[in-house]
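Here's the letter readout for the chains.
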Amino acid sequence: MMLHIPGVLDPQQVRALRQKLDQASWIDGLSTSGEQASKCKRNLQLAPDTPLAQQLGQQILSALGSNPLFISAALPARILPPYFNRYENGGTFGNHVDNAIRIDPINGQRLRTDVSSTLFLCDPGEYVGGELIVDDTYGTHSVKLPAGDMIVYPSTSLHRVEPVTSGARVCAFFWTQSMIRDDARRQMLFDLDVNIQNLRQHIGDTAETVSLTSHYHNLLRMWAEL
């Protein structure tokens, strides 16, 4: 499932993050790459173990914790604290699939990457190029969102970032280990949840909506891994 989640951060929150990121010291993105990624990656990253990266990451995690659309879509069991990257001067990241297992740089815990997320921190007009291209069973998708908006997609997807030929593309990115490992099951639960919420808005809590809600939780109980 690929989903655009608008307004994860409001404009004031984006400005505050950007002010700090624009003054930050960036390092070569290869420092956090595996062997395969290092052959096609050219960008800058904020060192993940710095106080600034941890502070900004916690602000994003707090916003995610109160975002019902993200919670419904990802069904998070654990979220790796966000990383921050910057693409400029032709920076790019060629076709790749995210590592199946990531290690939290702070506590050393391992996390299975089920859902990948990119949170855009600059508007499309601030840079040329830099589209996130995601290939899945439904085709090729080009993503370039307003500042504060986020895209989530299965971590099994082949994806890339096109070269940034002008300006700078600044984003946060992170991975989620979902309670539901299988993407098709996550999609089914998300669709069911969305339709239940829509029905409740139109007809209220009826015997039918209560029954559907019971089915949702029973499927979640059947499939969840904690």
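Residues numbered from 1 in each chain as written. Predicted model: local features only at pLDDT ≥ 70, side-chain atom pairs only at ≥ 80, totals over all residues. Heavy atoms only, no water.

**Structural notes on the packing of helix 1 (residues 11-22) against helix 3 (residues 51-65)**
Convention followed: Under this scheme, a helix contributes an axis fitted over its contacting stretch, all axes are lines through C-alpha atoms, and angles between N-to-C directions fall in the 0 to 180 degree range. To qualify as a helix, a DSSP run of H or I must reach at least 4 residues; to qualify as a strand, a run of E must reach at least 2; elements of each kind are numbered from the N terminus. What sets the label is the angle itself: under 35 degrees gives roughly parallel, over 145 gives roughly antiparallel, 65 to 115 gives roughly perpendicular, and the rest give oblique. Rotating anticlockwise by less than a right angle from the far helix to the near helix defines a left-handed crossing, while the corresponding clockwise rotation defines a right-handed one. We call two residues in contact whenever any of their non-hydrogen atoms come within 4.5 Å of each other. Residues are grouped as follows: nonpolar covers Ala, Val, Leu, Ile, Met, Phe, Trp, Tyr, Cys and Pro; charged covers Asp, Glu, Lys and Arg; every other residue, Gly included, is treated as polar.
Two numbers describe how helix 1 lies on helix 3: the axes approach to 11 Å, and their chain directions differ by 165 degrees. As judged from the angle between their axes, helix 1 and helix 3 are roughly antiparallel. Where helix 1 crosses over helix 3, the handedness of that crossing is left-handed. Note on element contacts: helix 3 touches helix 1 through Leu52, Gln55, Leu56, Gln59 and Ile60, opposite Leu17, Lys20 and Leu21. Partitioning the contact of helix 1 with helix 3 into residue classes produces five nonpolar, two polar and one charged.

**A word on the domain arrangement of the protein**
Applicable threshold: Each domain's extent is set by a domain assignment, obtained either automatically or from a database. Take the accessible area each of two parts loses on contact, using a 1.4 Å probe, and add the two losses: that sum is the buried area.
The domain boundaries assigned to the protein delineate domain 1 (3-178) and domain 2 (183-223). Its C-alpha centre places domain 1 at a distance of 30 Å from the equivalent point of domain 2. Between domain 1 and domain 2, the residue contacts involve ten residues of the former and seven residues of the latter. Of the roughly 630 Å² buried between domain 1 and domain 2, counting both surfaces, carbon and sulfur atoms make up 63%.

**Brief notes about the pattern of salt bridges**
Rules: One speaks of a salt bridge when a side-chain nitrogen belonging to Lys or Arg is within 4 Å of a carboxyl oxygen belonging to Asp or Glu. We call a residue buried when its accessible area falls under 20% of the maximum for its residue type, exposed when it is over 50%, and partly exposed in between, using a 1.4 Å probe and counting protein chains only.
Throughout the structure, instances matching the rule amount to eleven salt bridges. The shortest N-O distance in the salt bridge between arginine 18 and aspartate 22 comes to 3.4 Å. Pair noted here: arginine 18 and aspartate 22 are both in helix 1, with a separation of four residues, about one helical turn. Arginine 18 gets classed as buried once you look at its relative accessible area, which sits at 15%. Across the pair arginine 186 and aspartate 183 runs a salt bridge whose closest N-O atoms are separated by 3.2 Å. With arginine 186 and aspartate 183 both in helix 5 (residues 183-203), this residue pair falls three residues apart, about one helical turn. Classification of arginine 186 as buried rests on a relative accessible area of 2%. Look at the salt bridges and you will find they share partners, linking Arg18, Asp22, Arg86, Glu88 and Glu126 into a network.

**Focus on helix 1**
This is how the line gets drawn: Multiplying one less than the number of residues by 1.5 Å gives the expected span of a helix. Arc, as used here, means the arc of the directions from the helix axis to the C-beta atoms. Pairs of N or O atoms are called polar contacts if they sit within 3.5 Å, as long as, within protein, a hydrogen donor faces a hydrogen acceptor (for residues adjacent in sequence, only side-chain-to-side-chain pairs).
In this model, helix 1 (twelve residues) spans 16 Å end to end at C-alpha, consistent with the 16 Å of a helix rising 1.5 Å per residue. Residues of helix 1 that are buried: Val14, Leu17, Arg18 and Leu21. An end-on view of helix 1 places all buried positions within 100 degrees of arc, on one side of the element. Residues of helix 1 that are exposed and point over 90 degrees away from its buried face: Gln12, Arg15 and Gln19. Residues of helix 1 that are buried sit in contact with strand 2 (26-28), strand 4 (44-46), helix 3, strand 6 (83-88) and strand 16 (164-178). The backbone nitrogen of glutamine 12 has a side-chain oxygen 3.1 Å away, supplied by the residue at the start of helix 1, namely aspartate 10.

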